[in-house]
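Now for the letters of each chain:
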Amino acid sequence: MHPPIVFFAFNRPSHTKQALDSLITNRECSNSAFYAFVDGARNSQDSKQVDDVIKIIKAYKNYFKSFELNLSDKNNGCAGQVLSNIPLIFQTYDSLIYLEDDIVVSQHFLSFMHQGLLKYQDVSQIKSISGFSLPAFTNKKSPFFLHTFFTWGFGIWKRSWNEFEYDKENLIFELKQKNLLSKFTYNFSNYHIDSYKKYLKGIKGAWDVRLSASILLNNGLTLTPHRSRTKNIGTDSSGTNF
């Protein structure tokens, strides 16, 4: 059984359509369960856009083995949506594939997810499968492992999610206790731990940062493609996080 595709959307109709148009180029869709979660509107302006997003998602129903659309009656924010709904999916499945409405994928994205989730399902140190990779890694010949974590399209197991540390302050404490602060960074950039600390303490959501820290605290690794299978089209000020 293929892991389900879990798709989170909000108020960006154009981005949502581009994301889903790219997803259905993956032939594995026809054998995959699809769960969409659409966050509620914050105001009247959002309402029209959210309604348009819902209509767009419904148009893709027949591309999947099964299709479930879940609508929130209030605005929970990205973190609220993710943290409340991912555990519900894991009540039924042992792994899942995560996407958001601003992630465009290649036609080989699902294949890479399926292969990684199957191959490493019993390797406890491997915590997630990333669909994204930076251009700096294109010189590599094959997929590789990193201690970091990317949210721009990924696969994850229930066992990994169960290690999620929800307490932000406790994460900083544990990273210090285990002398991991210097390691809690993207090894390929200047994105230092201080940025993470500010994010952890100042942002209500930051679920992705907490998951990344949780993976590191458990000595986890993420399988990363040498050529990215995803692209984020939401860094255009249209979203709530950029």
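What you are looking at is a predicted structure, and each value in this text was computed from that prediction instead of being measured. (Residues numbered from 1 in each chain as written. Predicted model: local features only at pLDDT ≥ 70, side-chain atom pairs only at ≥ 80, totals over all residues. Heavy atoms only, no water.)

Draft legend 1. Broad picture of helix α3 (residues 77–89). Taking 1.5 Å of rise per residue, the 13 residues of α3 would be expected to cover 18 Å, and the 18 Å separating its terminal C-alpha atoms lies within 8% of that figure. Residues of α3 that are buried include every one of Ala79, Gln81, Val82, Leu83, Asn85, Ile86 and Ile89, and no others. The elements touched by buried residues of α3 are β1 (5–9), β2 (33–38), β4 (95–100), α5 (158–161) and α8 (207–217). (Helix = DSSP H or I, 4+ residues; strand = E, 2+ residues; numbered from the N terminus. Expected span 1.5 Å × (residues − 1). Buried < 20%, exposed > 50% of the residue type's maximum accessible area, 1.4 Å probe, protein only. Contact = heavy atoms within 4.5 Å.)

Draft legend 2. Main features of the environment of Thr224. For Thr224, the location among the structural elements is in strand β9 (residues 221–224). What makes Thr224 buried here is its relative accessible area of 0%. Between the alpha carbons of Thr224 and Pro143 there is a distance of 5.5 Å; along the sequence they are 81 residues apart. One polar contact links the side chain of Thr224 to the main-chain carbonyl oxygen of Thr222, over a distance of 3.2 Å. (Polar contact = N/O pair within 3.5 Å; in protein donor to acceptor, adjacent residues only side chain to side chain.)

Draft legend 3. The packing of aromatic side chains, seen in detail. Inspection of the entire model under this criterion finds 17 aromatic pairs. With centroids separated by 5.3 Å and ring planes inclined at 20°, the aromatic side chains of Phe8 and Phe37 adopt a geometry described as stacked. One end of the pair, Phe8, is in strand β1; the other, Phe37, is in strand β2, and 29 residues separate them in sequence. As far as burial versus exposure is concerned, Phe8 and Phe37 are alike and both buried. For the pair Phe8 and Tyr98, a centre-to-centre distance of 5.4 Å together with 35° between the ring planes defines the contact as tilted. Of the two residues, Phe8 is situated in strand β1 and Tyr98 in strand β4; the sequence distance between them amounts to 90 residues. Site record: aromatic cluster; members linked through ring pairs are Phe8, Phe37, Tyr98, Phe149, Phe154, Trp161, Phe164, Tyr166 and Trp207. Over the aromatic face of Phe144 sits the side chain of Lys140, whose NZ or CZ is 4.9 Å from the ring centroid. Above the ring of Phe112, the side-chain terminus of Arg229 is found at 4.7 Å from the ring centroid. (Phe/Tyr/Trp six-rings, centres within 6.5 Å; stacked < 30°, edge-to-face > 60°. Lys NZ or Arg CZ within 6 Å of the ring centre and 35° of its normal.)

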